[in-house]
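Working through the structure, step by step
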Amino acid sequence: MSAPPFALTVNGAPHAVVAPPDQRLTAVLREELGLTGTKVGCDAGDCGACTVLLAGAPACACLVPLAQAAGQAVETVEGLAADPWGAALQRAFLAHGAAQCGICTPGMLMAALPLLRASPQPDEGAAMDAIGGVLCRCTGYRKILEAIQAAHLFREAEAPSSAGAVGERLPRVDGPARVTGTALFGADAAPSDALWLKPIRSPHAHARFTLGDCAPLLARHPGLERVLTAADIPGRNGFGVYPDIKDQPVFCDGLVRYRGDCIAALVGSREAVEAVRFEELPLTWEVLPALTDPSAALAGPLLHDRWAENVLATGRLRAGDAEAALAASAFTAAGEYETSFVEHAYIEPEAGWAQMVRPEGGGPEASDRIEVFATTQAPYMDLDEVAGVLGIPQDRVRIIPSACGGGFGGKLDVSVQPMLAVAAWLLRRPVRAVWSRPESMASSTKRHPARIAARAGCDAEGRLTGFAFEGLYDTGAYASWGPTVAGRVPVQAMGPYRVPAVATRARAILTHQPPSGAFRGFGVPQAAIAQEALWDRLADAAGLDRLEFRLRNALRAGDATASGQVLTHSVGLVACLEALRPRWHALRDAAASRNAGGGSRRHGVGIACMWYGIGNTGMSNPSTMRVTLGPEGVTFHNGAVDIGQGSTTILLQILAEALGLPPRDIHLVLYDTDLTFDAGKTSASRQTFVSGRAAQDAALALRRQILLRANAGEDAKLDLRDGILHVDGRPLPLEAPLEGIGRFDPPTVPLDADGQGVPYATYGFAAQLAALSVDMELGTVHLERIVAAHDVGRTINPTMVEGQIHGGIAQGIGLALMEEYLPGRTENLHDYLIPTVGDVPAIECLLIEDREPLGPFGAKGIGEPALVPTAPAIFSAINHATGAWITRAPALPHRVLAAIREARR
Amino acid sequence: MSGDRKPASLAEALSLLAGAPEAPLLLAGGTDVYPARAVAEAWGRYAPRPVLDLSGLGLAGIEDRGDHHRIGAGVTWAALRDAPLPPWFDGLRQAARQVGGVQVQARGTVLGNLCNASPAADGVPPLLTLEAEVELASRRGTRRLPLGAFILGNRRTALAPDEIATAILVPKPAGETRSAFLKLGARSYLVISIAMVAGLLEIDSGRIAAARLAIGACSPVAQRLPELEAALIGARPEEAAALAAPEHLAPLSPIDDVRATAEYRRHAALVLLRRLLAGLAAPQAQGGSQAA
Ligand SMILES: Cc1cc2nc3c(=O)[nH]c(=O)nc-3n(C[C@@H](O)[C@@H](O)[C@H](O)COP(=O)(O)OP(=O)(O)OC[C@H]3O[C@@H](n4cnc5c(N)ncnc54)[C@H](O)[C@@H]3O)c2cc1C
Ligand code: FES
Ligand code: FES
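Residues numbered from 1 in each chain as written. Chains lettered and ligands numbered in written order. Predicted model: local features only at pLDDT ≥ 70, side-chain atom pairs only at ≥ 80, totals over all residues. Heavy atoms only, no water.

Side note on the overall build of chain A
The following threshold applies: Runs of H or I in DSSP of at least four residues are treated as helices and runs of E of at least two as strands, each being numbered from the N terminus. A radius of gyration in this sense is built from C-alpha atoms; the matching globule rule multiplies 2.2 Å by the number of residues raised to 0.38. Accessibility here uses a 1.4 Å probe with only protein chains present; expressed as a share of the type maximum, an area under 20% marks a residue as buried, one over 50% as exposed, and anything in between as partly exposed. We call two residues contacting when some pair of their heavy atoms lies within 4.5 Å. All accessible areas in this document rest on Shrake-Rupley with a 1.4 Å probe, and a residue is counted as covered only by the protein chains that are shown. Note that His is not counted, nor are the chain ends; the positive residues are Lys and Arg, and the negative ones are Asp and Glu. For this purpose, a charge sits on NZ of Lys, CZ of Arg, CG of Asp or CD of Glu.
Check the secondary structure of chain A and you find 23 helices and 33 strands. Its C-alpha radius of gyration of 27 Å places chain A within 12% of the 29 Å reference for a compact globule of 905 residues. In terms of overall dimensions, chain A has C-alpha extents of about 85 × 80 × 60 Å along its principal axes. A total of 905 residues make up chain A; the buried ones form 66% of that total. Pairs at least 24 apart in sequence give 78% of the contacts found in chain A among residues at least 6 apart. A total accessible area of about 28300 Å² is found for chain A, and carbon and sulfur atoms account for 52% of it. Side chains of chain A carry 78 positive and 96 negative charges; the gap between the two charge centres is 3 Å.

Comments concerning the overall build of chain B
Counting secondary structure elements, chain B contains 11 helices and 14 strands. In terms of overall dimensions, chain B is globule-like: its C-alpha atoms have a radius of gyration of 19 Å, near the 19 Å expected for 292 residues. By principal-axis analysis of the C-alpha atoms, chain B measures approximately 60 × 45 × 30 Å. For chain B, with 292 residues in total, the buried portion stands at 58%.

Thoughts on the interface of chain B and chain A
Filter applied, for reference: Buried area: the sum, over both parts, of the accessible surface (1.4 Å probe) that disappears when the two are put together. By definition here, a salt bridge exists when the distance from a side-chain nitrogen of Lys or Arg to a carboxyl oxygen of Asp or Glu is within 4 Å. Polar here means any residue outside two lists: the nonpolar Ala, Val, Leu, Ile, Met, Phe, Trp, Tyr, Cys and Pro, and the charged Asp, Glu, Lys and Arg; Gly therefore counts as polar.
Between chain B and chain A, the residue contacts involve 51 residues of the former and 67 residues of the latter. Regarding the contact of chain B and chain A, the summed buried area is about 4600 Å², with carbon and sulfur atoms giving 57% of it. Where chain B touches chain A, the interface holds six salt bridges. With seven residues, helix α11 (residues 262-281) of chain B is the single largest residue contributor to the side of chain B that touches chain A. The residue makeup of the side of chain B that touches chain A, split by class, is 28 nonpolar, 11 polar and 12 charged.

Observations concerning the state of the cysteines
What we call a disulfide is simply a covalent bond connecting the sulfur atoms of a pair of cysteines. To be explicit about the condition: Only a pair of cysteine sulfur atoms within 2.5 Å qualifies as a disulfide here.
Overall, the coordinates contain zero disulfides over all chains when judged by the stated rule. Cys-609 of chain A supplies the cysteine sulfur nearest to Cys-458 of chain A, a cysteine that is in no disulfide, at a spacing of 15 Å.

Overview of the nonpolar core
Note the cut-off: Only buried residues count toward a nonpolar core. Its members are Ala, Val, Leu, Ile, Met, Phe, Trp, Tyr and Cys residues joined through side-chain atoms within 4.5 Å.
Of all hydrophobic cores here, the largest spans 213 residues; its most connected members are Phe-93, Ile-148, Phe-467 and Ile-874 of chain A. Counting residues per element, this core draws most heavily on helix α16 (residues 524-542) of chain A, which supplies 11 residues.

Some thoughts on the sheet that holds strand β10 (residues 262-268) of chain A
Residues and elements named next belong to chain A. Just so we agree on the cut-off: Any two strands with at least two DSSP-identified bridges between them are counted as paired. In this analysis, axes come from line fits to C-alpha atoms, helices being fitted only over the stretch in contact, and the angle between any two N-to-C directions falls in the range 0 to 180 degrees.
On the basis of which strands lie adjacent, the open sheet formed by seven strands has the order β8-β10-β6-β18-β15-β16-β17 and mixed pairing. The open sheet has two free edges, formed respectively by β8 (224-228) and β17 (397-401), since each of these has just one partner strand. On average, adjacent strands in this sheet sit at an angle of 20 degrees to one another, irrespective of strand direction. The sheet contact formed by strand β15 (residues 351-357) and strand β16 (residues 369-374) spans six bridges and is antiparallel.

Concerning the site of ligand 1
Heads up, the condition is: Distances are taken per atom, and a residue is near a molecule or strand as soon as one of its heavy atoms is within 4 Å of it. N or O atoms within 3.5 Å of each other form a polar contact, as long as, within protein, one can give a hydrogen and the other can take it, and as long as residues adjacent in sequence are counted only when both atoms are side-chain atoms.
Looking at ligand 1, there are 33 residues lining it, with Leu-26, Thr-31, Asp-32, Thr-109 and Asp-122 of chain B nearest. This site is not confined to one chain, since residues near ligand 1 come from chains A and B. A distance of 2.6 Å is found between an oxygen atom of ligand 1 and a side-chain nitrogen or oxygen belonging to Thr-31 of chain B. Between ligand 1 and Asn-113 of chain B, the relevant distance is 2.9 Å, taken from an oxygen atom to a side-chain nitrogen or oxygen of the residue. Starting from 980 Å² of accessible surface for ligand 1 in isolation, the protein chains cover 94%. Those elements that place two or more of their residues in the shell around ligand 1 are β1 (25-27), α2 (33-42) and α6 (110-116) of chain B. It is α6 of chain B that provides the largest number of residues to the shell around ligand 1, a total of four residues. A breakdown of the residues in the shell around ligand 1 according to their chemical character gives 17 nonpolar, 12 polar and four charged.

Details of the domain arrangement of chain A
Residues and elements named next belong to chain A. Our working rule: Residue ranges for the domains originate in an automatic or database domain assignment.
As far as domains go, chain A holds domain 1 (1-178), domain 2 (195-288 + 367-406 + 411-443), domain 3 (316-342 + 446-616 + 754-904) and domain 4 (623-744). Summarising the inter-unit geometry, the C-alpha centres of domain 2 and domain 4 are found 38 Å apart. Contacts between domain 2 and domain 4 engage 17 residues on the former and 14 residues on the latter. Both sides of the domain 2 and domain 4 interface together cover about 1200 Å² of buried area, and 57% of this is carbon and sulfur. Sorting the residues of domain 2 by area buried against domain 4 places Gln-377, Tyr-380 and Arg-398 first, and these three jointly supply 46% of that buried surface. The interface formed by domain 2 and domain 4 includes three salt bridges. Across the pair Arg-398 and Asp-674 runs a salt bridge whose closest N-O atoms are separated by 3.6 Å. Taken together, the links from domain 2 to domain 4 amount to six residue pairs in polar contact (both at pLDDT 80 or more).

Digging into the pairing of strand β25 (residues 633-638) of chain A
Residue and element names in this part refer to chain A. Within β25, six of the six residues are buried, which leaves the element mostly enclosed by the surrounding structure. With five bridges joining them, strand β24 (residues 623-630) and β25 adopt antiparallel strand pairing. Opposite Arg-626, over in β25, you have His-637 as the bridge partner. As judged from the five bridges shared by β25 and strand β26 (residues 666-670), these two strands associate in the parallel manner. Bridge pairing in β26 places Asn-638 opposite Leu-670.

Topic: the packing of α16 of chain A against helix α17 (residues 546-553) of chain A
Between two packed helices, both the angle of their axes relative to each other and the distance between the axes serve to describe the pair. Residues and elements named next belong to chain A. Operational definition: Each angle is binned into one of four classes, with values under 35 degrees roughly parallel, values over 145 roughly antiparallel, values of 65 to 115 roughly perpendicular, and all other values oblique.
Interaxial distance between α16 and α17 falls to 9 Å at its minimum, and their mutual angle equals 105 degrees. Looking at the two axes, α16 sits roughly perpendicular to α17. Two secondary-structure elements touch here, α16 through Glu-532, Trp-535, Asp-536, Leu-538, Ala-539 and Asp-540 and α17 through Arg-546, Phe-549 and Arg-550. Residues that form the contact of α16 with α17 fall into these classes: four nonpolar, no polar and five charged.

Here we look at the environment of Arg-904 of chain A
All names here are of chain A. Along the chain, Arg-904 falls in helix α23 (residues 893-904). Look at Arg-904 and you get exposed, because its relative accessible area is 59%. Residues Arg-904 and Gly-883, 21 residues apart in the sequence, show an inter-C-alpha distance of 8.0 Å.

Points about unusual backbone geometry
Residues and elements named next belong to chain A. At the junction of Ala-889 and Pro-890, the peptide bond is cis and its omega measures out at 0 degrees in the coordinates. On the secondary structure map, Pro-890 appears in the loop between α22 (870-882) and α23. Positive phi, normally seen in glycine, also occurs at Ser-480, with a value near 40 degrees. You can see Ser-480 is positioned in the loop between β21 (464-476) and α15 (482-492). With a relative accessible area of 4%, Ser-480 lands in the buried category.

A word on the packing of aromatic side chains
Residue and element names in this part refer to chain A. Quick reminder of the rule: We call Phe, Tyr and Trp rings a pair once their centres come within 6.5 Å, taking the six-membered ring for Trp, and we label the pair stacked below 30 degrees between planes, edge-to-face above 60, and tilted otherwise.
Per the counting criterion, the structure on display carries 11 aromatic pairs over all chains. Ring centres 4.7 Å apart and planes at 10 degrees place the aromatic pair Trp-611 and Tyr-763 in the stacked group. With Trp-611 in strand β23 (residues 601-613) and Tyr-763 in strand β31 (residues 763-775), this residue pair connects regions lying 152 residues apart in the sequence. Summarising the burial analysis for this pair, Trp-611 and Tyr-763 share the class buried. Ring geometry for Phe-689 against Phe-744: centres 5.6 Å apart, planes inclined by 90 degrees, an arrangement best described as edge-to-face.

Here's what the structure looks like:
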């Protein structure tokens, strides 16, 4: 019996849909109608990415059954451009930089649309209420609010666009695809005949298992093609970001080490795969005791034979005699601090597809290639992993990064790529996978929970004398980026200050927890919480203003760091603090006068600073960029993955400026391992600095050749007319294409056993203020304002820099106040809380430009620096407001209240 | 799923239900049903059941029936939020504004919130203070249960397999009434309550003639506070907050979970309760969010 089709009207167009009545509207739109502009971040109503209008009202399409949508007008992002308010919103979002990665953008736009229809010039509160149900992990919401409130100005006019010189607010060049919903994310593109892959994951943190004969299961489920297991991996059943550590199995071989570890994968038609219940698998478990505490793990049975005492990595730094310095200090302070697992919570779960490609005209099997299209931050690392897992040479692998719906470090490790590649390789069919939110959260890497014991001292005038730091970082079940974290933390744990005697150590400890990996800041945000709290205690003890204390000890050009590196340029911390000083006093005065009024809310203002080494720690991390001039014009081959932070736009601005042409004249070929050079991974805040410099050099190389051919002088003017390059007004004859290649590897010196060397070529510096109030009876914290002063070297694009600062601060707020991942308990965006629009206060950005001579036009990086000082500034403000010292993140209301009581005791 | 139905009348729905070989899943706004399904799907536990979709029954009205209001099964949080209703509904409408975001409010039904019977269901405390009843229909007939007797425990109700909940019935209180709702959570939108408090006062000649108070998320089912309610009778509203004492929270049995400790919940409930009562004493009684 075939059911009659449902009549669905989408953006005014009628459709007859044959699908089950309880099918989610998201699935109908995306899979049946091909309208992939509506995004899926959770399938549970929690993220709002799927927001559409149903009869004019916003609804989460993932919660709407087809049968209920039928007969009603459905509006989606695909219809926005034809709607006057929709088009205005799209333009406003572009102009205001309200879309970064773009995965939340369709939902944001749709949620804002009914508001504007009803009230064209909404106030901020109304705009907040409209998008309160849509999560954004990138922007910190402030620019989205601005855009919604400004949309009425974009009704008629195209956004006035800047030419895009360095320093100008060029709108994202990849922005139009984001506001129209046409950008293709990992789940948005796959051939219609692709098979579906679903991993089977362990519900246990530590267990042995056996998987019996799957033939009966396959027989019971027609359309189920294969159950892939460890035995099916053609090459190495292991991946990991270090060339010599491939410890994480694609499919576990009889032993799981964390809840979420992958034991097998079902491959077949989507219906068949989704119909399988895991209890049908011939699976037997022997559950083993799990080490979930890093201190216990030190003395526990080994997770991997290779690492004694479960210590994956140790990093240390020693300068002078810290103990002696502390003993001789006029004032000392000590504290113990603890942070939690933090989930990246990018709104786009892991997704992609893979296919085996036969060379044209057939050819031997040995020339088959594999292509993987997936969401990633590190295509070249993915390429290595896929080649290793398939046991084939690297030149037979092609990685095509999809649009990336947020990464923040979590998409530096492979996710879907190896298993998709194995499945496509073995089955010789395209294979596709999209992870659910619970699966994404259970399986992906996290920010390391840290347990830190730190001590610091200063002399009677408040000059720092010594600093000792011992950090235990829970690195979870597999190595991932644990060694990187253990390496960076001790080098940066004393912060951007002159500290004569330092002893720091960080250890990454293996446990049966989710693998801790890379997350915006590589362990430094945790350390900054300890470091900055001690400075507050010392400043108070020495009777100094907390800002002046930091200023007195701030690194300046000419100073040597604890690593023995003399900083010669671009040390803008003093300028940051001085820029904050007037706000500091004004906000402190305001807090004092509000507190004088009494009441259960106490107001406070806190401060924290940070530094951040741009690029890898004491290791080569080159980038190569290429620009060509040919009959088609100028083409920029850019392999740096834009994960929302804006590198595609920033690098183009740099390249265009160096070349002497406006950005609009330059074609882009973006990240694809077959088409672009290795730009390194998008991490460590390195793309502007490292790839930016490579882009600048590539442009200069091409420009030199052009000038040479044209026999023109250094300052000749280039322009492009009708596709022909003119030099000083004369067309340039071109017999053969020209090419400029730039490669930059920031100069560093590897660290010795005491952490001495030149770990980074340059550092970002920042100081932030947080103003807030605390409900003394409930322990709730209400943020009122954040002022962020950042030395970025040179601002290539203020909108992008502010966007990074806002987004970093929002994540810092989450780290400080609400985010705590507990395996099996906060495995969704309902129980795992990330900031909503109502949780991010007004943010003022003060951009300090202390030029970095090595950087492109003086620029450094901003991605991670933005997050680091926020949590410590918030904790400093809580202390100022209440007297309570926060030692455990997140500072949930019950913890704040307990700390307040403790302080009163 | 074959066997899925979307009947157009209650009678049809009840006969489908009575004749169903396998108990179907009743579906209203889907805002609890689909999230539960997403978790089950992720861990390979999803077992499809035939769905009986209640959205076509035409039960989406809020009606004044003289001595009571009738809130039909199809009434969404948004409809309730935006309806012009007398002041004793203020608390419930304050809750409506804080359930999820506008998307969830537009689809989720108030009655679905009761039927889902989560300990953190924001609809339960205000409706307990309204002494609401739940109307249940089956082919056997119609019955009404006080809300307190309808919800039996964490995700357990008195709904029989052949029944559909058709309405919430809210009796009209006597005289001047004030009501409010306060919710505490760890973020400002889309947040499940750590604790929430609802209160309704009937005031006669400047004195409290009747008080009804309820606290949610601090026990498997939200609880009324009968001792405090009794103690408030005869007091002036501005005295009420000071009368609330820890021993009045005896009906609560809070637990430690990811959102807060049990001890904190008990403490916060009292703080919220006092604030709610203080707010009800002020003429511009305002409930709202106590989120961070
Ligand atoms: C993102 C998000 C945020 C949320 N935030 C909150 C919050 O802050 N506070 C809060 O209290 N809730 C919250 N909820 C849950 C809330 O939306 C639901 O409880 C809602 O009110 C349920 O109504 P529904 O119509 O969607 O029910 P459905 O999901 O359709 O059904 C819920 C349950 O009730 C049964 N049922 C529904 N109607 C009937 C009926 N008439 N007769 C018999 N059984 C019935 C169903 O079988 C099912 O078991 C949130 C949900 C989401 C997705
Ligand atoms: S996908 Fe619908 S709310 Fe997240
Ligand atoms: S831009 Fe909002 S989630 Fe990335």
